[in-house]
Amino acid sequence: MTPAAAFAVQQGVTYYPQVQHNCLPESGCYPMAPWNGFAVLCAYVAVALALAAWRLRRRDV
C-alpha cells in the first residue's frame, strides 16, 4: 500500500514553467537521503514488533 500511495503523490506534482525541472526520482533527483528511507523501515519494524509483543502478552493472559 505504501508504494501505491507514493506513486499517487508523485502524479499530483504540478508543473511550474519557471522551474527548470521538478525534483522527481525518475529524473534522477532524490530530495531525501537514503538514511531517511532506512529510518522509516526501522520505524515500521519497531511498530510491528511492538504490536506482536502486545498481542502475544494479551493472548497469554
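Look above for the structure.
In what follows, the accompanying structure is described.

Criteria and thresholds
Residues numbered from 1 in each chain as written. Predicted model: local features only at pLDDT ≥ 70, side-chain atom pairs only at ≥ 80, totals over all residues. Heavy atoms only, no water. Helix = DSSP H or I, 4+ residues; strand = E, 2+ residues; numbered from the N terminus. Buried < 20%, exposed > 50% of the residue type's maximum accessible area, 1.4 Å probe, protein only. Areas by Shrake-Rupley, 256 points an atom, 1.4 Å probe, with all protein chains shown as cover. Phe/Tyr/Trp six-rings, centres within 6.5 Å; stacked < 30°, edge-to-face > 60°.

**As for the overall build of the chain**
Scanning the chain for helices and strands turns up two helices and zero strands. When the 61 residues of the chain are sorted by exposure, 3% land in the buried category. Counting only carbon and sulfur atoms, one obtains 69% of the accessible surface of the chain, whose full area is about 5,800 Å².

**Quick word on the packing of aromatic side chains**
Enumeration over the complete set of coordinates arrives at one aromatic pair. Considering the side-chain rings of Trp35 and Phe38, the 6.0 Å spacing of their centres and the 85° angle between planes classify their relative orientation as edge-to-face. Of this pair, Trp35 and Phe38 both sit in helix α2 (residues 34-60), three residues apart, roughly one helical turn.

Just geometry here; none of it tells us what the structure is for.
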